[in-house]
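Structural overview for review
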Amino acid sequence: MQTFQEVKKFGTAPVFFTAISTILGAVMFLRFGFSVGNVGLLGTLAIIFIGHMVTIPTAMAIAEIATNQKVEGGGEYYIISRSFGLVIGSTIGIALYLSQAISVAFYIIAFTEAFSSFFGWLNHSFNLPGWLVWLLEQKQTIGIPALLGLTYIMLTKGADLGVKALYIVVATLGISLLAFFIGTTEYSQTHDVDLLATVADIPVAVNEIVTTKDLTTTQFQDSTAQLNQAPAFEPAPQNNQPTSPLIPLGFFTVFAIIFPAFTGMTAGVGLSGDLKDPGKSLPLGTMAGTLAGMVIYVFIAYKLAASASPQDLADTSRLVMADIAWQGWWLIPIGLAAATISSALGSIMVAPRTLQAIARDQIFPTPAVNNWLSKGKGKADEPFNATVLTVILAGVFILAGALDMVAQVISMFFMVTYGSLCLISFLNHFAADPSYRPRFRSRWPISLFGAVACFGLMFFMNGGYAVVAILAMVVLYFTIAFFNKDKTSIAVIFQGVIFQFSRQLQVFLQKAEKEQAKSWRPSAVAFSERTFERLGSFHLLGWIAQKYGFGTYIHRINGYLSKQTGHEAKVCKERLIKMAETTHSNIYVDTMVTPSFTSGVAQIIQLPGIAGTDNNLLIFEFAKKYPEELDEIVDNFKLIQSLDFDVLILGGSERGFGLKNQIHIWITSADYDNANLMILLAYIIMGHKDWRKAEIKIFAIYPEGNIEEERSRLLMLISAGQLPISPNNIEFIPRKHDIRNKEVICQKSKDADMTIVGFRPEAVVHEGRKVFDGLDNIGNVLFVSAGQEKEIK
């Protein structure tokens, strides 16, 4: 355990700093003033809040998924594909890869903006020839060499460089922002803040009116640049021509350009495997980074509106933050360069690894493509070939050279990816698969809202692009499914949702639908003739079936079917339904008239499950003070075991389930095959609100010579299964020949509210009810026998 703890050494800070350094990036420096100038301070605040209506649910969804299991190569792609199947995982993964690869181009183009002031100074100071001025104005002049330089760094230095530079980047950003906030301008001293002021309010001559209805982004930039070359607030020509305001870009067009500023919240997900407590650090660090970024952006928008005119802010040819900041002529370009290079370095680290992980899952149609892209280099397994392809793709977008166009493309890919993540999180809340056990859980209304917001905003930003993006995702999904028929598909998610939806319908309508279960989940039948005397098995079934499983409760009426017993059965069924309604139990209740316990067992083992699945778990009960009630169960145990059912026998005590605060599990070397089922049942029972404050404690009795081996195996089982059991709540007890196991159980579990003990069918056949004796001095005891060993994933 010591080694395990030493490897996982990080707390919340690295997650927070990774997220915040990515959020506060290129768009903050280059386009936030542009946003305030075009849609005003109030419009920019609306963009910030609407954008975070998407990013906050996504941050919660990704934190939930990341805490379900350790993140390995591929980062977000790995956790999505391993949680929800390779087909949908790779579909989202390819969209995610494209957004990451295009982000490289976006940050490189933004990096070139840091040189604009320097090139302007060169031209002003040395009167450069026209061809050189034109060359320096092209984004590709700096962008392509910068991309090649980053490629060289990645192929020679690897990923370590980006990690080491994190704190330097955060410090640089902090200094740049501090300089910006303490800076003052003449405008701020002579003007009040106007929430609604935009560039549209600036009067210009009618023959200089520019509209954006049929105008490209580049043309708009050129027009605003020309406007700034004229003196501010110059009187209109004395020709009595009317004036008209400049019409700015639309709200959602600006939103599409600004949205990438809010999308760095998932950057810390890749640290999941190295965190001391990912269930705490991932959601806390991710949400803290997201909310801190939102607050900072609000203050930046206010500072921009207070410090410069809408005309200056809307001018994309100047770095307006540098004009406002103290010593901004060098601090802001340095901050911009640090932010863009670190972001580009992060994207060029992550994107090839995403592509490499997709290829290693053999997703692409031909083995040759998969093998070429998955090939690593050196001891660190650097994705050399995937990096080359990423650089080529980034180069294509750098050659396009339009920052705003690239930003809008990235926004569309991010919306598709984030919307899919929120939708999957929403669906999984209803699927309630026991194998999905995240340590942090979002809320389904939040996930649903995030998914709807993502897909809705796609159409508001650009309806044509949105239709193309969604169709591309659908086509990509079916293409991947066609070439990967052997891999898990999205049907697993919908299947889980259908399971739960079907269960609710069956409780209400008492009908059955056909379904196929992919992983073990309890489909239980409880059988008792003493329902109205003892409620133990009724409550136990309700806890098991509340969320993760399905339950059918059969009340036995002893006798032959007749008018009298039929009427009695009807009355008893109405009482059972009222009990289920009162306790809010999601179980199906019914009665059975049978002349003997044997005939009753023969019937219940043939009952279809209420959701169409085969029943796999039988529950019987007896009172420990009346051990003779066990005789019927023991005499029919071979019949009970004939179909490999899992069997639970509840030994009830006068104490009942007590305070519902402690569940003790006893594992011995004699019944190790029952251990996984006992642990899963305890976890499932704890999912009920009655046991929400309970804790699980495991006692393992093994021969002294095997203690350490069994300790390692059990701790690995608990860790790999993401079960809510602290290692401190596991006690290993050396077995002594002069002390019976049941004596130890009675001593250790005298205060337990439920004690779970395994038993072997062979022992019941040979020893009879003695198997269940000797535990009279403790509370309710649940005896467990697994028909087949269960796997904890």
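Residues numbered from 1 in each chain as written. Predicted model: local features only at pLDDT ≥ 70, side-chain atom pairs only at ≥ 80, totals over all residues. Heavy atoms only, no water.

1. Brief notes about the overall build of the protein
- Across its full length, the protein carries 33 helices and 12 strands.
- Here the protein, with 793 residues, has 56% of them falling under the buried criterion.
- Taking all contacts inside the protein whose residues are at least 6 apart in sequence as the whole, residues at least 24 apart take part in 82%.
- Surface exposure of the protein reaches about 35100 Å², of which carbon and sulfur atoms provide 59%. (Helix = DSSP H or I, 4+ residues; strand = E, 2+ residues; numbered from the N terminus. Buried < 20%, exposed > 50% of the residue type's maximum accessible area, 1.4 Å probe, protein only. Contact = heavy atoms within 4.5 Å. Areas by Shrake-Rupley, 256 points an atom, 1.4 Å probe, with all protein chains shown as cover.)

2. What to know about the packing of helix α22 (residues 444–461) against helix α23 (residues 463–483)
- In the contact formed by α22 and α23, the axes pass within 5 Å of each other and the chain directions differ by 135°. One element, α22, and the other, α23, form an angle in the oblique class. Seen from α22, the contacting residues are Met458, Phe459 and Met461; seen from α23, they are Gly463, Ala466, Val467, Ala469 and Ile470.
- Of the residues that constitute the contact of α22 with α23, the class distribution is seven nonpolar, one polar and no charged. (Axes fitted to C-alpha atoms, helices over the stretch in contact; angles between N-to-C directions. Parallel < 35°, antiparallel > 145°, perpendicular 65-115°, else oblique. Nonpolar A, V, L, I, M, F, W, Y, C, P; charged D, E, K, R; others polar.)

3. Some remarks on the pairing of strand β3 (residues 523–528)
- Burial runs high along β3: six of the six residues are buried.
- Note: β3 against strand β4 (residues 550–558), six bridges, orientation parallel. For alanine 524, the partnering residue across the bridge sits in β4 and is glycine 551.
- Crossover β3 to β4 through helix α25 (residues 536–545) is right-handed. (Pairing = 2+ DSSP bridges. Right-handed = clockwise from strand over helix to strand, strands pointing away.)

4. As for the confidence of the model for the protein
- The predicted model of the protein has a mean per-residue pLDDT of 80, with 84% of residues at 70 or higher.
- Within the model, the stretch residues 204–246 combines pLDDT values under 50 with 51 contacts to residues more than four positions away or in other chains.
- The low-confidence segment residues 511–517, where pLDDT is below 50, has 19 contacts with residues more than four positions distant or belonging to other chains. (pLDDT = per-residue confidence, 0-100.)

5. With respect to the sheet that holds strand β8 (residues 662–668)
- Read across the open sheet, the 10 strands follow the order β5-β4-β3-β6-β7-β12-β11-β8-β9-β10; overall the sheet is mixed. The outermost strands of the open sheet, each flanked by one partner alone, are β5 (588–594) and β10 (730–734). With strand direction ignored, the average angle separating the axes of adjacent strands in the sheet is 20°.
- Seen against the sheet, helix α26 (residues 563–582) touches β4 and β5 and runs at an angle of roughly 155° to β5.
- Against the sheet, helix α30 (residues 675–686) contacts β7 (646–652), β8, β9 (695–702), β11 (754–758) and β12 (781–785), and its axis sits at roughly 175° relative to β8.

6. Here's the deal with empty space enclosed by the protein
- Scanning the model with the defined rule gives one cavity of 30 Å³ or more in all.
- Size it by volume and the largest cavity reaches roughly 60 Å³.
- Split into classes, the residues belonging to the lining of the largest cavity amount to six nonpolar, two polar and two charged. (1 Å grid on protein atoms, 1.4 Å probe; cavity = no way out; pocket = protein on both sides within 12 Å on 5 of 7 lines; lining within 4 Å. Points joined across faces, edges and corners; volume = space filled by probe spheres on them.)

7. Some details on unusual backbone geometry
- Its identity is not glycine, yet glutamine 362 carries a phi of approximately 55°, on the positive side.
- Even without a glycine there, the phi angle at histidine 584 is positive, about 55°.
- Within the secondary structure layout, histidine 584 lies in the loop between α26 and β5.

8. Some thoughts on the packing of aromatic side chains
- Enumeration according to the criterion identifies 28 aromatic pairs in this entry.
- Their ring planes at 50° and their centres at 6.1 Å tell us that phenylalanine 426 and tryptophan 444 sit as a pair that is tilted. Here tryptophan 444 lies in helix α22 and phenylalanine 426 lies in helix α21 (residues 403–431), a separation of 18 residues in the sequence.
- Three or more aromatic residues joined by ring pairs form one cluster here, namely Phe32, Phe251, Phe252, Phe255, Phe259, Phe262, Tyr297 and Phe460.
- For arginine 575, the ring lying beneath its charged end belongs to phenylalanine 532, and the centroid distance is 3.8 Å. (Phe/Tyr/Trp six-rings, centres within 6.5 Å; stacked < 30°, edge-to-face > 60°. Lys NZ or Arg CZ within 6 Å of the ring centre and 35° of its normal.)

9. Re the pattern of salt bridges
- Within this structure, the stated rule accounts for 12 salt bridges.
- For arginine 534, the salt bridge identified is with glutamate 621, shortest N-O distance 2.9 Å. Taken as a pair, arginine 534 in the loop between β3 and α25 and glutamate 621 in strand β6 (residues 617–623) lie far apart in primary sequence, 87 residues in all.
- Take arginine 534: its relative accessible area is 17%, and that puts it in the buried class.
- Notably, a salt bridge pairs glutamate 762 with arginine 760, separated by 3.3 Å at the nearest N-O pair.
- Take arginine 760: its relative accessible area is 36%, and that puts it in the partly exposed class.
- Connected through salt bridges with shared partners, the residues Glu529, Arg530, Arg534, Arg556, Glu621, Glu629 and Glu632 form a single ionic network. (Salt bridge = Lys/Arg side-chain N within 4 Å of Asp/Glu carboxyl O.)

10. Quick look at the nonpolar core
- Counting 113 residues, the largest nonpolar core has Phe29, Phe32, Phe262, Tyr297, Leu304 and Met415 as the members making the most contacts within it.
- It is helix α4 (residues 32–66) that contributes the most residues to this core, 16 residues altogether.
- Contact partners of leucine 304, with chain neighbours within four places excluded, come to Phe32, Gly33, Val36, Phe180, Leu313, Val320, Met321 and Ile324.
- Phe538, Ala675, Ala682 and Trp691 belong to the second largest nonpolar core, which has 48 residues in total. (Core = buried A, V, L, I, M, F, W, Y, C linked by side-chain atoms within 4.5 Å.)

11. Concerning the environment of glycine 11
- The residue glycine 11 is located in the loop between α1 (2–7) and α2 (13–23) in this model.
- Since its relative accessible area comes to 30%, glycine 11 is described here as partly exposed.

12. Some words on the packing of helix α6 (residues 86–113) against helix α20 (residues 384–400)
- At a minimum axis separation of 8 Å, α6 and α20 run at an interaxial angle of 55°. Accordingly, the angle class assigned to the pair α6 and α20 is oblique. Crossing angle aside, the handedness with which α6 passes α20 is right-handed. On α20, the residues that touch Tyr97, Leu98, Ala101, Ile102, Val104, Ala105, Ile108 and Ile109 of α6 are Ala386, Leu389, Thr390, Leu393, Ala394, Phe397 and Ile398. (Left-handed = near helix turned anticlockwise from the far one by under 90°.)

13. Considerations on helix α32 (residues 741–748)
- Of all the positions in α32, only Lys742, Val744, Ile745 and Cys746 are classed as buried.
- Buried residues in α32 make contact with β8, β10 and β11.

14. A few points about the side chain of serine 425
- Take serine 425: it is sitting in helix α21.
- For serine 425, a relative accessible area of 0% corresponds to the buried category.
- Setting aside anything within four residues of it in sequence, one finds serine 425 in contact with Ala61, Glu64, Ser442 and Ser447.

15. Here's the deal with helix α27 (residues 597–604)
- Here α27 has its buried residues at Phe597, Gly600, Val601 and Ile604. When α27 is viewed along its axis, its buried side chains cluster within an angular range of 100° and face the same direction. (Arc of directions from axis to C-beta.)

16. So, the state of the cysteines
- Inspection of the entire model under this criterion finds zero disulfides.
- The cysteine cysteine 422 is free of any disulfide, with cysteine 454 supplying the nearest cysteine sulfur at 5.2 Å. (Disulfide = S-S within 2.5 Å.)

17. Considerations on the environment of tryptophan 326
- Mapped onto the elements of the fold, tryptophan 326 is located in the loop between α17 (320–324) and α18 (328–360).
- In this structure the C-alpha to C-alpha distance between tryptophan 326 and leucine 178, which are 148 residues apart in sequence, comes to 8.6 Å.
- Each residue touching tryptophan 326, except ones within four places of it in the same chain, is listed here: Ala179, Ile182, Gly183 and Leu331.

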